[in-house]
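Reading the structure
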Amino acid sequence: ENRNNAMLNNHTFVLIGILTALALKVKDLSFVLSFAGATMGNALIYVFPALMFRSAVKNMDGDVAASLKGEVNFPMFAAVLG
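Residues numbered from 1 in each chain as written. Predicted model: local features only at pLDDT ≥ 70, side-chain atom pairs only at ≥ 80, totals over all residues. Heavy atoms only, no water.

**Focus on the environment of Asn2**
The following threshold applies: Helix and strand definitions here come from DSSP, where helices need a minimum of 4 consecutive H or I residues and strands a minimum of 2 consecutive E residues; each element is numbered from the N-terminal end. For every residue, the accessible area obtained with a 1.4 Å probe (protein chains only) is divided by the maximum for its type, and the residue is called buried under 20%, exposed over 50%, and partly exposed between those limits.
In this fold, Asn2 is placed in the segment before α1 (5-25). Given the relative accessible area of 58%, Asn2 is considered exposed.

**Structural notes on the packing of aromatic side chains**
Selection criterion: Between the rings of Phe, Tyr and Trp (Trp by its six-membered ring), a pair exists once the centres lie within 6.5 Å; its type follows the angle of the planes, with under 30 degrees stacked, over 60 edge-to-face, and the other angles tilted.
For the structure shown, the criterion picks out one aromatic pair. Aromatic side chains Phe31 and Phe35 sit 6.2 Å apart centroid to centroid with 25 degrees between the ring planes, which places their arrangement in the stacked category. Note that Phe31 and Phe35 are positioned in helix α2 (residues 29-58) at a spacing of four residues, about one turn of the helix. Like Phe31, the residue Phe35 is exposed in the burial classification.

As far as function goes, none of this settles anything; it's purely spatial.
Here is the structure:
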């Protein structure tokens, strides 16, 4: 990728433009805050533990039981559902 100042300035300008348009459109900030809170709560309960378990199994030294490797699939499935 070619990262230069002009490209970064363009991306910054577009991002600020999108955020400004959203700020003009959204009159009640409680919806935005509740949506962000629900998303982070969902990630804390379902997604982050599944990712930590997958990483712990991947980083185990030696032979990891096949059943333990198979158990990684269920938390990842729960994370996708969550």
